[in-house]
Amino acid sequence: MISIEHVTTLIGNQLIIDDVSLSAEKKQFVGIIGPNGSGKSTLLKNIYRVLPLSSGKVMINGHDFLKMKPKEAAQQLAVVSQETPVTFDFSVKEMVLMGRAPYKRMFDFDHSKDDELALEMLKKVGMETFINRNFLTLSGGEKQRVIIARALIQQGEVLILDEPTNHLDIHHQLHIMDAVKDTNMTVIAALHDLNIASMYCDYLFVMREGKIFAQGRPEEVLNETLLREVFEVETIIHQHETLGKPHITFLPNRFVKKQ
Ligand SMILES: Nc1ncnc2c1ncn2[C@@H]1O[C@H](COP(=O)(O)OP(=O)(O)OP(=O)(O)O)[C@@H](O)[C@H]1O
């Protein structure tokens, strides 16, 4: 279980995250939704230690995550962010094997068990035929799928996803979300696509202006009034017959104005 307790973040003298608490139970898939600039990425960066928080705590299974040594922290939590800058020439396999680093001691070499795992994770993201390709020659979506394989091979308890499927076509969005859902990891994901959030998340936190505005299961949170108030959009929401989840149809402004 991961819990974020009363996190507040100031950047300069601007309050970006204002006393946010949220948690995810073991193996739960938790989504964070909210408009541009509402603080989703900042909060995730606070959690994965790229951005220091001003006050608050991040606890994993009762241990203070922010105080863990880097290797121990990497055994607990993996991250896929929107962009992963890579400037050196690595093969796809080498990129994925980097996810095993938290389990290595100095002068340990990759062994065949790790190679098998790398292939298994690349299969999960549909990239196994690219195993010997140079990472830098891949398309944006292909790169992102390799980065997801690298996070999966880390086999931590918690997976943090910041807009993980931004670069992906719809087939690969669903494929990746299915692969993530099938892992035994606890997931906290910032998502822009509200129908994807509805389909995959067990629980949602809605952020607005650095605060948690609402929370609950998708069917409790995704309603026309909330989406109007938070995202300033008009929608029609119905329960999808096959999926049993709310499905959102967004109405174009010019259509709404005519009504
Ligand atoms: N280094 C920084 N300096 C100043 N302001 C910042 C900095 N980083 C983030 N912010 C501001 O904090 C607010 C929250 O940004 P954040 O990236 O967390 O939002 P977000 O919800 O992830 O947005 P998006 O949906 O556009 O990705 C924004 O107003 C942003 O401009």
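Look a little higher up for the structure.
Note that the structure is a prediction, hence the values are computed from the model and not measured.

1. A word on helix H5 (residues 140–153)
Residue pairs three or four apart in sequence face the same way in an α-helix, which turns once every 3.6 residues.
And then number 1: When the terminal C-alpha atoms of H5 are compared, their 20 Å separation across 14 residues agrees well with the 20 Å that a helix rising 1.5 Å per residue should span.
And then number 2: The buried fraction of H5 amounts to 12 of the 14 residues, a majority that puts the element mostly inside the structure.
And then number 3: Of the residues making up H5, those classed as buried are Gly141, Glu142, Gln144, Arg145, Val146, Ile147, Ile148, Ala149, Arg150, Ala151, Leu152 and Ile153.
And then number 4: At its buried positions, H5 is contacted by strand E6 (77–80), helix H3 (92–97), helix H4 (112–124), strand E7 (158–162) and helix H6 (170–182).
And then number 5: Immediately downstream of H5, the backbone of glutamine 155 shows phi near 50°, a positive value.

2. Observations concerning helix H1 (residues 40–47)
And then number 1: For H1, the buried fraction is high: 6 of the 8 residues fall into the buried class.
And then number 2: Residues of H1 that are buried: Lys40, Thr42, Leu43, Leu44, Asn46 and Ile47.
And then number 3: One or two positions beyond H1, positive phi appears at arginine 49, with a value near 75°.

3. Quick look at the side chain of threonine 235
And then number 1: Checked against the element boundaries, threonine 235 lands in strand E11 (residues 234–239).
And then number 2: Discounting chain neighbours no more than four positions away, the residues touching threonine 235 are Glu224, Leu227, Ile248, Thr249, Phe250 and Leu251.

4. Remarks on the site of the ligand
And then number 1: With respect to spatial proximity, the complete set of residues near the ligand consists of Ile11, Ile16, Pro35, Asn36, Gly37, Ser38, Gly39, Lys40, Ser41, Thr42 and His192.
And then number 2: Within the backbone of glycine 39, a nitrogen or oxygen atom sits 3.0 Å from an oxygen atom of the ligand.
And then number 3: In this structure, serine 41 approaches the ligand through a main-chain N or O atom, which is 2.9 Å from an oxygen atom.
And then number 4: Protein chains bury 58% of the 640 Å² of accessible surface belonging to the ligand in isolation.
And then number 5: It is H1 that provides the largest number of residues to the shell around the ligand, a total of 3 residues.
And then number 6: Of the residues belonging to the shell around the ligand, the class tally is 3 nonpolar, 7 polar and 1 charged.

5. Structural notes on the nonpolar core
Soluble globular proteins: nonpolar side chains tend toward being buried together.
And then number 1: One finds Phe29, Leu122, Val146 and Leu159 to be the most contacted residues of the largest nonpolar core, which totals 51 residues.
And then number 2: It is H5 that provides the largest number of residues to this core, a total of 7 residues.
And then number 3: Setting aside chain neighbours within four positions, we find valine 146 in contact with Val92, Met95, Val96, Leu122, Met127, Phe135 and Leu138.
And then number 4: Counting 27 residues, the second largest nonpolar core, distinct from the first, contains Leu43, Phe65, Ile188 and Phe205.

6. Remarks on the pairing of strand E2 (residues 14–24)
And then number 1: Taken together, the 7 bridges between strand E1 (residues 2–11) and E2 define a ladder with antiparallel strand orientation. Counterpart to leucine 10 in the pairing with E2 is leucine 15.
And then number 2: Between the end of E1 and the start of E2, which pair antiparallel, lie 2 residues, with glycine 12 showing a positive phi angle near 65°.

Conventions and cut-offs
- Residue positions within a chain follow its written sequence, with the count starting from 1.
- Where totals are concerned, whole chains, interfaces and linings use all residues; where local detail is concerned, this predicted model gives features only for residues with pLDDT of at least 70, and gives and counts side-chain atom pairs only at 80 or more.
- Side-chain figures throughout are based on the complete set of non-hydrogen atoms in the structure, without hydrogens or water.
- Strands are runs of DSSP state E lasting at least 2 residues, helices are runs of H or I lasting at least 4, and numbering of each runs from the N terminus.
- Any helix carries an expected span of 1.5 Å times its number of residues minus one.
- Summary of the burial criterion: residues with accessible area below 20% of their type's maximum are buried, those above 50% are exposed, and those between are partly exposed, where the area comes from a 1.4 Å probe applied to protein chains only.
- Residue contacts are defined here by distance: any two heavy atoms, one from each residue, within 4.5 Å place the two residues in contact.
- One heavy atom within 4 Å of a molecule or strand makes the whole residue count as near it.
- We define a polar contact as two N or O atoms separated by no more than 3.5 Å, with the added condition that, inside protein, one atom must be a possible hydrogen donor and the other a possible acceptor, whereas residues neighbouring each other in sequence contribute only through side-chain atom pairs.
- Accessible surface is estimated by sampling points in the Shrake-Rupley manner with a 1.4 Å probe; for residues, cover comes only from the protein chains shown.
- All amino acids are sorted into three groups, where Ala, Val, Leu, Ile, Met, Phe, Trp, Tyr, Cys and Pro are nonpolar, Asp, Glu, Lys and Arg are charged, and the leftover types, Gly among them, are polar.
- Joining through side-chain atoms within 4.5 Å is the link that ties buried Ala, Val, Leu, Ile, Met, Phe, Trp, Tyr and Cys residues into a set, and such a set is a nonpolar core.
- At least two DSSP bridges between two strands are needed for those strands to be called paired.

Take it as geometry only, folks, not as evidence of what the structure does.
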